Amino acid sequence: MRFRKFAIVLCVLAISGLCLVPATAQEKTEPEVQVPPQNRLYLASLTIMRYNPLGLETQNRLMYSRRLADSTSPLFRDTFFAMGLMTKLNPAYLKVGPLIDFQPIGIFNLRLGYEYLRYFGTMGYLQSYPDAKANFSDDAREDTEDDAYSTGGHHFLAEPTIQMKVGKIAARSKFAIEYWKLDLEDDDEYFYDATLDTLVPNEKVLWSNDTDLIYMSGQLTFGVRYSAVFPGNDLEHMRVGPLFAWSFHTRDYSSFNKPTLLMILGWYFKHPDRVGAVPYVLVGFSFSSDFLATKTN
């Protein structure tokens, strides 16, 4: 409990400290940034492999974006309203639906989305349970893998994000508020989701948080991430660990922009099943492609 409070306080202090840095320091250390195009049509892609829990997934967003302000101010230079389609595909399920991405000021972003889900009944997914007391450990789910079944449903999400950058140091805290409605068997009220790594309550709201404090130096980015999931019962979990990213190049708004390798490690300090020496590991590759990028009004 003390470590949990310390991690949360550390993230809050890091963000608060960045807010207090004088504007003159930012002007001296932050390099000139290219003003975003007035209109964009782009694809953003992320493919990840994950261990503890195991996972493989590709996530893609096809978005049209309109810049909101013609400004060179750090607060209003990168403001936009975007809308489009997002898809997530792995061996166990497909998620697809519309997404709105709204950034009225540089330090705040809001994503609103809906996904239709279709579980294939493969890889031991989907498994559901009558209550939150069920054993959902990796070994337990492997033993009941034959009980997995195909089903569909709906997922609504809201993701407010606070973000800021001073010089080469940046902080970002993303909250996710989610509502799931799946067609579960036997009037079950919970199901296991590998991304959240917990029993998700059906037709109820849960929330989670990822907070990053990072240092950016050219093509290299490194820092620390704190992650937490709160499903509204006693199954919340938290982890903290380093993150690293290497971008091969940063040709902004090009047909193949910022191809990046990334790695995130995390040690659980609270979890019903995973507390110990074995870390959470995620490796991935991301890039974006601009199909339209107009500079003028």
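Since this is a predicted model, take the numbers as computed values, not measurements.

Parameters at a glance
- Residues numbered from 1 in each chain as written.
- Predicted model: local features only at pLDDT ≥ 70, side-chain atom pairs only at ≥ 80, totals over all residues.
- Heavy atoms only, no water.
- Helix = DSSP H or I, 4+ residues; strand = E, 2+ residues; numbered from the N terminus.
- Buried < 20%, exposed > 50% of the residue type's maximum accessible area, 1.4 Å probe, protein only.
- Contact = heavy atoms within 4.5 Å.
- Areas by Shrake-Rupley, 256 points an atom, 1.4 Å probe, with all protein chains shown as cover.
- Pairing = 2+ DSSP bridges.
- Salt bridge = Lys/Arg side-chain N within 4 Å of Asp/Glu carboxyl O.

Engineer: I'm lost on the overall build of the chain in this one. Help?
Structural biologist: Across its full length, the chain carries 3 helices and 15 strands. Classification of the 297 residues of the chain by burial places 45% in the buried group. Long-range contacts, defined here as pairs at least 24 residues apart, represent 60% of the contacts in the chain between residues at least 6 apart. For the chain, the accessible surface area stands at approximately 15500 Å², while carbon and sulfur atoms represent 62% of it.

Engineer: Before we go on, may I ask you to explain the pairing of strand E8 (residues 169-182) in this structure?
Structural biologist: Every regular strand shows the same layout, with side chains that alternate between the two sheet faces. Relative to E8, strand E7 (residues 151-166) runs antiparallel, the two being bridged by 12 bridges. Looking at the pairing, threonine 161 lines up with lysine 174 of E8. In sequence, E7 turns back onto E8 through a hairpin of 2 residues, with glycine 167 there showing a positive phi of about 65 degrees. Of the pairings in the sheet, the one linking E8 to strand E11 (residues 205-217) comprises 11 bridges and is antiparallel in character.

Engineer: Sorry if this is basic, but what is going on with the pattern of salt bridges here?
Structural biologist: Between side chains of opposite charge, pairing is possible as soon as their charged atoms come close. Under the definition given, this model contains 11 salt bridges. In this structure, arginine 67 engages aspartate 70 in a salt bridge whose closest nitrogen and oxygen atoms are separated by 3.4 Å. Of the charged contacts, one joins glutamate 203 and lysine 181 as a salt bridge, the two residues approaching to 3.3 Å between their closest N and O atoms. Taken as a pair, glutamate 203 in the loop between strand E10 (198-201) and E11 and lysine 181 in strand E8 lie far apart in primary sequence, 22 residues in all. Among the residues examined, glutamate 203 registers a relative accessible area of 42% and is labelled partly exposed.

Scope: geometric values only; no functional claims are made or implied.
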